[in-house]
Amino acid sequence: MPPARRNVVFWIFGGGFIGSLVSFLYPVVRFLNPPAVSEASVNEVVGGKEQDLAPNAGKIVKFGTQPVLLVRIAQTEWRAFSAVCTHLSCIVQYDASRKLIWCACHNGQYDLSGKVIAGPPPAPLKEYAVHLRGEDVVISRG
Amino acid sequence: MLPTQPIHRKKTIAAWFQDRLAWDSISQFLAHKTVPVHSGTIWYAFGGITLFLFVIQVVTGILLLVYYRPTPAEAYESVQFIMTRVAFGWLIRSIHIWSANLMILSAFVHMFSVAFLHAYRKPRELVWLSGIMLLALALGFGFSGYLLPWNTISFFATKVGTDMATFVPWMGSTLGRYLRGGDAVGGATLTRFFGFHVAVLPALTSLFLLFHLGLVQKFGISTPPWVEKRFRGAGTKSAQMPFFPDFFLHELMVWYGALALLGILAALFPFGLGEKADAFAPAPAGIRPEWYFLAPFYTLKLIPGHVAGIEGEVVGLLGFGLLAFWWAALPFWGQRPDGTVRSKLVTGGAVAFIAYLSTFSLLGYLR
Amino acid sequence: MKHALLLLLLAAAWLPAKDSCLECHSQMTGDLQAPATAFRNSVHLQHGFTCADCHGGDPNSDDPEASMSKAHGFAGVPLRTAIPKLCARCHSDPNFMRKYNPSERVDQAAEYATSVHGQHLAKGDAKVATCIDCHGVHDIRAARDALSPVYPLNLPKTCSQCHADAAHMAPYKIPTDQYANYLKSVHWEELSKRGDLSAPNCATCHGNHGAKPPAVASVAAVCGTCHVFEEQLFDKSPHQPVFAAMSTGACVVCHSNHAILKTSDQMLGGKDAVCAECHDADSAGGKIAAQAAGLIQNLQNRIVAADGILEQARTSGMEVSEAILRQTDARQNLVKARANVHAFAIEAVSQPVEAGLAIAAEDYRAGEAAMKEKYIRRMGLAISLTAIFVTIAGLWLIIRWLHRAEKESGVTS
């Protein structure tokens, strides 16, 4: 085989080989680069900063795939509950005027320990643990 | 007068290593390694394919280890994290799963081709036995790895599988507890299976692989008896091709073809996540193990609850044990004392075995 | 001796009280035996009462002359008009009821007196319901007992025994289709199919002992005990004074009283739209209805479209679980928009619709991004495959070159 054609053959092989190596190594290198959100939030979630929520107020926070109701009862007292109503799965809210957790769908009412006090819900709300880490409000599985 | 200069030698890096490793002998050996050429030469590739896919498993497995967390609270979520948040995480995971399936398939093809080409005969009986051991380890990899994503299917498949272990006579319940790390499948099982999958099984596999490959290098690639006979009759040595570069280049082509296939499968048929395992939920209908366990699974389904007073599962397990023993002992019943192979017996046995495995796997999939 | 007597008294206290009525009547047949058999299931028997506690007589005597003598207070079968007073003798006495259940209510008779049934009975009409018609006569079970005729699942049928009987109800000139209508309702469906015991039955809206249909003016309040938002919105809406002036019972106008069907967007703007029954299509009200229907239908369509593309992405192997979860927020807004229809003002509906549309749009974009990502992956695969196939081709060419070189130099293996 004339040297020119031999060179072409080796160029084809070499080019393809290098190209394929790049196509393998590129994903591997990108894979090893830590993503922006550095870990799956599973056991605990930061529900905002301490100053984001006033006393006697509540807000909904995403915990993994579930909504959680974070309630600041007093300056230093925080509670968190599953925000899914146990009646027909509507999302509950905190009622600051009556200081209870209320479901707008069929007027279900829960007290601040998650217990049902009025309306159709058959079971209490599951409670989560809340503690402060610096100025972060951390919600974790109870 | 003594020479003041040392005798001039090529001061290459290769020479430096040669002085310290004596690897010339290796390159000499490799240069003389040959592969028999005949109509069945293509089957010689499957051992290498299995090895290649195993290396891919190790590489992708190590990459997954960077992000995976082996606890019930985090396993599923970490796999979800890999699939959604990590760049190309979906690719690495899908390649890992597809390569696992292809590796086991390739191992079966390799094993049956060895049987049909009678490469198990003297002096290669130990190669066969170590190969059977490697297949068992591969199935162990598959079973332990299947649990790690901690989704509904893997949880219940593990439950069914470890329940089967409890039917082994005498040591069944102990075996079950050792496997599960307790009385039920749970976090302890996950930790154990993770340990098996990333440490114990790789270590054992490395040992047996070294042994298996070492023996193959020592004895060379086996030529089928009828090819040997043909050439003995003609009075010449059987046709051989050099391993380097010819066969190796062919092998590289096949390996690259396997890479292409893996890429296509991983990109076009990625694996899903399923739902996170819930120990208290009832088992979903139609639960099935992985395809390589379908044949024994379906066989067990067919065995009645009790056979002559013994529990059906025990009968099934004993049957599988006997079948495995029979197949592992192939070199012993497949050869006559005078060294010739019982060609028809082995070929018939292998065909029957393939027929059983494929029919029952298909039935297990469809029913 | 003193101790023996004490032991005997204690033993006597533990033994069930002798009830000769029950013993004799159990051995009879037909109608005379039936009460005795029924009484075995009675909550009264469980608490140690005997036949004589209601019918009088002497349960200790085996002699029918004595046990059923007027001298011993035997009253026989009480008059229907006297039943409430008979039951109230115990059930309205807090000191008495305290012995059995201190938190049991003792105002049933007083409530009954205010009910339609009670008022008719007081005038001597024995055809109306008294205590025994709902609670049973001899086999009275606790209301919590699933076999009790007043258990939530059984109550509608119990009421229907009179109220669905056209012949029985003829003198009262009220409809008899309530039960049939109620069975069509979403409330009955919740109760019977979903087992949600908090779903309303007859007594929930009409009261049980004080059974009386809610006054027209208080219908909204009754519905509003559960449907709080809808009532609040309705009370502030233009419909409230209009319906009140027409004495039409608020919620009942659109939703009916017994056949309360599952609501649908068709009520706003479909062929059989409820709004169209009063409002012409070109009137102000008709236009608001049409607009609200359009907005809600649009949000519904956007949500369905996002669901569709997300499902397509998911089945192609793309990971879209976060977007799928966010769809629940969009659906929440749809629910809110539908509830806000009761304000009968377009801003109340358009606000949640816009919020929902934003979320649905975001989720649709996530689905599109996933499909695009799927395309990008396939392009990446194509690039990688090209490099691989070029390498394979190169290898094949090298092999061919090697073979030619071997042949040319005459090297054979």
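Fair warning: this is a prediction, and the values are worked out from it, not measured in the lab.

1. Considerations on the overall build of chain B
And step 1. Looking only at helices and strands, chain B has 15 helices and four strands in total.
And step 2. Projecting the C-alpha coordinates of chain B onto the three principal axes gives extents of approximately 90 × 55 × 40 Å.
And step 3. Here the contacts in chain B between residues at least 6 apart in sequence split such that 76% fall between residues at least 24 apart.

2. Notes on the overall build of chain C
And step 1. Each helix and strand in chain C was counted, giving 24 helices and zero strands.
And step 2. For a compact globule of 413 residues, the expected C-alpha radius of gyration is about 22 Å, and chain C comes in at 37 Å, more than 25% above that figure.
And step 3. Taken across its 413 residues, chain C has 27% of its residues classed as buried.

3. Some words on the interface of chain B and chain C
And step 1. Every contact between the two is made by 21 residues of chain B and, on the other side, 17 residues of chain C.
And step 2. If you list the elements that add at least two residues to the side of chain B that touches chain C, you get helix H4 (75–84), strand S2 (240–242) and helix H11 (243–268) of chain B.
And step 3. No other element matches the 13 residues that H11(B) contributes to the side of chain B that touches chain C.
And step 4. Along the lines of polarity and charge, the residues of the side of chain B that touches chain C split into 14 nonpolar, six polar and one charged.

4. Let's talk about the pairing of strand S4 (residues 77–82) of chain A
All names here are of chain A.
And step 1. The sheet contact formed by strand S3 (residues 66–74) and S4 spans six bridges and is antiparallel. Considered in S4, the bridge of Val 68 is made with Ser 82.
And step 2. In this sheet, strand S9 (residues 127–133) lies alongside S4 in antiparallel orientation, the contact comprising two bridges. Looking at S9, one finds that Phe 81 is bridged to Glu 127.

5. Details of the sheet that holds strand S6 (residues 100–103) of chain A
Residue and element names in this part refer to chain A.
And step 1. In spatial order, the strands read S5-S6-S7-S8; together these four strands make up an open sheet with antiparallel pairing. Unpaired on one side and paired on the other, strand S5 (93–95) and strand S8 (116–118) mark the two borders of the sheet. Averaged over neighbouring strand pairs, the angle between their axes works out to 40° when direction is ignored.
And step 2. Judged from the three bridges that link them, S6 and strand S7 (residues 108–110) form a sheet pairing that is antiparallel. When the bridges of S7 are listed, Ile 101 appears paired with Tyr 110.

6. Brief notes about the nonpolar core
And step 1. Judged by nonpolar contacts, the single largest core of 83 residues is most densely connected at B:Leu53, B:Met103, B:Ala138 and B:Trp150.
And step 2. If you tally residues by element for this core, the top one is helix H5 (residues 89–116) of chain B, at 13 residues.
And step 3. When residues no more than four places from it in sequence are discounted, the contact partners of B:Met103 are B:Thr50, B:Leu53, B:Phe54, B:Gln57 and B:Ala138.
And step 4. Counting 39 residues, the second largest nonpolar core, distinct from the first, contains C:Phe243, C:Cys275, C:Ile303 and C:Leu334.

7. Remarks on the interface of chain C and chain A
And step 1. Contact with chain C, which involves 21 residues of that partner, is made by 17 residues of chain A.
And step 2. Elements supplying a minimum of two residues to the side of chain C that touches chain A: helix H18 (228–235), helix H23 (321–340) and helix H24 (346–408) of chain C.
And step 3. The element best represented in the side of chain C that touches chain A is H24(C), accounting for 13 residues.
And step 4. Taken together, the residues that form the side of chain C that touches chain A break down as 13 nonpolar, six polar and two charged.

8. So, the packing of helix H3 (residues 45–65) of chain B against H11(B)
The description of two helices packed together rests on the angle between their axes and the distance between the axes.
Residues and elements named next belong to chain B.
And step 1. Orientation of H3 relative to H11, taken along the N-to-C sense of each, is 50°, at an axis distance of 10 Å. Relative to H11, H3 is oriented oblique. For the crossing formed where H3 meets H11, the hand is right-handed. In this structure, H3 uses Ala 45, Gly 48, Ile 49, Phe 52 and Leu 53 to contact H11, whose residues at the interface are Glu 251, Val 254, Trp 255 and Ala 258.
And step 2. Grouping the amino acids of the contact of H3 with H11 by side-chain chemistry returns seven nonpolar, one polar and one charged.

9. Examining the sheet that holds S9(A)
For sheets, the rule is that strands pair by backbone hydrogen bonds, running either parallel or antiparallel.
All names here are of chain A.
And step 1. One open sheet accounts for six strands, arranged S1-S10-S9-S4-S3-S2; its pairing is antiparallel. The sheet is open, and its two edges are formed by strand S1 (44–49) and strand S2 (57–63), each paired on a single side. Mean inter-strand twist for the sheet, computed between neighbouring axes without regard to direction, equals 30°.
And step 2. Two elements, S2 and S3, share seven bridges in a ladder whose sense is antiparallel. Considered in S3, the bridge of Ala 57 is made with Arg 72.

10. Structural notes on the environment of C:Ala382
Residues and elements named next belong to chain C.
And step 1. By the secondary structure assignment, Ala 382 is in helix H24.
And step 2. With 13 C-beta atoms packed within 10 Å, Ala 382 lands in the partly exposed category.
And step 3. Put simply, Ala 382 and Ser 316 are 66 residues apart on the chain and 17 Å apart in space, counted from C-alpha to C-alpha.

11. Here's the deal with the environment of A:Gln93
Residue and element names in this part refer to chain A.
And step 1. In this fold, Gln 93 is placed in strand S5.
And step 2. Separated by 48 residues in sequence, Gln 93 and Val 45 have C-alpha atoms that sit 19 Å apart.
And step 3. Ignoring any residue separated from it by four or fewer positions in sequence, one finds Gln 93 in contact with Gly 58, Trp 102 and Ala 104.

12. Here's the deal with unusual backbone geometry
Residues and elements named next belong to chain B.
And step 1. Note the cis peptide between Lys 122 and Pro 123, where omega equals 0°.
And step 2. Structurally, Pro 123 is set in the loop between H5 and helix H6 (125–147).
And step 3. With an omega dihedral of -5°, the bond running from Phe 244 to Pro 245 counts as a cis peptide bond.
And step 4. Here Pro 245 lies in helix H11.
And step 5. At Ala 22, a position not held by glycine, the phi torsion is positive, near 50°.
And step 6. Along the chain, the position of Ala 22 falls in the loop between helix H1 (13–21) and helix H2 (24–32).

13. Side note on the domain arrangement of chain C
Residues and elements named next belong to chain C.
And step 1. Each domain of chain C was delimited in the assignment, giving domain 1 (216–261) and domain 2 (284–382).
And step 2. Facing eight residues of domain 1, the contacting portion of domain 2 comprises six residues.
And step 3. When residues in the side of domain 1 that touches domain 2 are grouped by element, the largest group, four residues, is from H18.
And step 4. For the side of domain 1 that touches domain 2, the residue count by class is four nonpolar, two polar and two charged.

14. Considerations on the packing of helix H22 (residues 284–315) of chain C against H23(C)
Residue and element names in this part refer to chain C.
And step 1. One way to put it is that H22 packs onto H23 with a least axis distance of 10 Å and a crossing angle of 165°. Here H23 runs roughly antiparallel to H22, going by the angle between their axes. Where H22 crosses over H23, the two elements pack in a sense that is left-handed. Contacts between H22 and H23 involve Ile 296, Leu 299, Gln 300, Ile 303, Ala 306, Asp 307 and Leu 310 from the first element and Ala 323, Ile 324, Gln 327, Ala 330, Arg 331, Leu 334, Ala 337 and Arg 338 from the second.

15. So, the pairing of S9(A)
Residue and element names in this part refer to chain A.
And step 1. Two strands pair when backbone bridges link them, and S9 and strand S10 (residues 136–141) are joined in this way by six bridges, in the antiparallel orientation. Across the sheet, Val 130 pairs through a bridge with Ile 139, a residue of S10.
And step 2. Hairpin geometry of S9 and S10 is characterised by an intervening segment of two residues between the two adjacent antiparallel strands and by a positive phi of about 70° at Gly 134.

16. Some remarks on the confidence of the model for chain C
Regions with low pLDDT should not have their predicted coordinates read in detail.
And step 1. Taken residue by residue, chain C gives an average pLDDT of 89. The fraction at 70 or more is 96%.
And step 2. Scoring the predicted complex yields pTM 0.70 and, for the interface, ipTM 0.80.

Cut-off values and rules
Residues numbered from 1 in each chain as written. Chains lettered and ligands numbered in written order. Predicted model: local features only at pLDDT ≥ 70, side-chain atom pairs only at ≥ 80, totals over all residues. Helix = DSSP H or I, 4+ residues; strand = E, 2+ residues; numbered from the N terminus. Contact = placed C-beta atoms within 7 Å. Rg over C-alpha atoms; globule rule 2.2 N^0.38 Å. Buried ≥ 20, exposed ≤ 12 C-beta atoms within 10 Å, placed from the backbone. Nonpolar A, V, L, I, M, F, W, Y, C, P; charged D, E, K, R; others polar. Pairing = 2+ DSSP bridges. Axes fitted to C-alpha atoms, helices over the stretch in contact; angles between N-to-C directions. Core = buried A, V, L, I, M, F, W, Y, C linked by C-beta atoms within 7 Å. Parallel < 35°, antiparallel > 145°, perpendicular 65-115°, else oblique. Left-handed = near helix turned anticlockwise from the far one by under 90°. Domains from an automatic or database assignment. pLDDT = per-residue confidence, 0-100.

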